[in-house]
Amino acid sequence: QVQLVESGGGLVQPGGSLRLSCAASGSIASIYGMHWYRQAPGKQRELVAAITSESSTNYADSVKGRFTISRDNAKNTVYLQMNSLKPEDTAVYYCHADLTRIGVRGVYGYWGQGTQVTVSS
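What this report covers is the structure whose coordinates are included nearby.

Calculation rules
- Residues numbered from 1 in each chain as written.
- Predicted model: local features only at pLDDT ≥ 70, side-chain atom pairs only at ≥ 80, totals over all residues.
- Heavy atoms only, no water.
- Phe/Tyr/Trp six-rings, centres within 6.5 Å; stacked < 30°, edge-to-face > 60°.
- Lys NZ or Arg CZ within 6 Å of the ring centre and 35° of its normal.
- Pairing = 2+ DSSP bridges.
- Helix = DSSP H or I, 4+ residues; strand = E, 2+ residues; numbered from the N terminus.
- Axes fitted to C-alpha atoms, helices over the stretch in contact; angles between N-to-C directions.
- Buried < 20%, exposed > 50% of the residue type's maximum accessible area, 1.4 Å probe, protein only.
- Salt bridge = Lys/Arg side-chain N within 4 Å of Asp/Glu carboxyl O.
- Disulfide = S-S within 2.5 Å.

1. Some remarks on the packing of aromatic side chains
Enumeration according to the criterion identifies two aromatic pairs in this entry. By way of ring pairs, the aromatic residues Tyr37, Tyr94 and Trp111 are connected into one cluster. Directly above the ring of Trp111 sits Arg45, whose terminal nitrogen or CZ lies 4.7 Å from the centroid.

2. Section: the sheet that holds strand β3 (residues 18-26)
Spatially, four strands are ordered β1-β3-β8-β7 in an open sheet, and the strand pairing comes out antiparallel. The open sheet is flanked by β1 (2-7) and β7 (67-72), the only strands paired with a single partner. Recorded for the sheet is a direction-independent mean angle of 15 degrees between the axes of neighbouring strands. Relative to β3, β1 is paired through six bridges, and the arrangement is antiparallel. Bridging across to β3, Leu4 finds its partner in Ala24.

3. Description of unusual backbone geometry
Of note, the phi angle at Asn76 is positive, near 50 degrees, even though the residue is not glycine. Tracing the sequence through the fold places Asn76 in the loop between β7 and β8 (77-82).

4. Description of the pairing of strand β11 (residues 115-119)
Here β11 shows a clear split, with Thr115, Val117 and Val119 buried on one side and none of Gln116 and Thr118 buried on the other. As paired strands, strand β2 (residues 10-12) and β11 are joined by three bridges and run parallel to one another. Of the residues in β11, the one forming a bridge with Leu11 is Thr118. By the bridge criterion, three bridges tie strand β9 (residues 91-101) to β11 in an arrangement that is antiparallel.

5. A word on the pattern of salt bridges
Inspection of every chain in the model, using the stated rule, returns four salt bridges. In this structure, Arg38 engages Asp89 in a salt bridge whose closest nitrogen and oxygen atoms are separated by 2.9 Å. Of this pair, Arg38 sits in strand β4 (residues 28-39) while Asp89 is found in the loop between β8 and β9, placing the two residues 51 residues apart along the sequence. In this structure, Arg38 and Asp89 share a single accessibility class: buried. Measuring nitrogen to oxygen at the nearest pair gives 3.1 Å for the salt bridge that ties Asp61 to Lys64. One connected set of salt bridges, linked through shared partners, spans Arg38, Glu46, Arg66 and Asp89.

6. What to know about the state of the cysteines
Within the structure shown, the criterion is met by one disulfide. The disulfide partner of Cys22 is Cys95, and the S-S distance across this bridge is 1.9 Å. A torsion of 45 degrees about the S-S bond marks the disulfide between Cys22 and Cys95 as right-handed. Of the two residues, Cys22 sits in strand β3 while Cys95 sits in strand β9, which places them 73 residues apart along the sequence. Cys95 matches Cys22 in its accessibility class, with the two residues each being buried.

This is the structure in C-alpha cells:
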C-alpha cells in the first residue's frame, strides 16, 4: 500500500507564509511527478504547482512568484512554500504523486487526504 500524508496547513493572516509538506510511504519503487492541487468551496480542483523527478517546476499563473515547490527524493517528500498569501488562496490543498510500486507493473497516481489553508485577518 502507498500513503501520502500532508501537513502544515492552518490559519494565516494575509501577507503571511505557510509551508506544506507531503510525505509518501509504503511499497514505493520510484516517484515521478509530484504535484500540489487546491480546491476552494464551490470551485473545481486546480493544479497549483508541479515538480518532476529532475526538479523541473511549473506553477499556476495565480501563484507564480509567491509559491515554491521543492522535493527531497531521499525522503519521498514534496514541499510547498507559500509566501505573500492572499484570501483567495484559501482552499484545501492536496498533494498528488505519480509513482511505481514494488512488484507492481505500471505508473499510478495517488492523492493525499488534503490540508486546509485559510488566509484571513
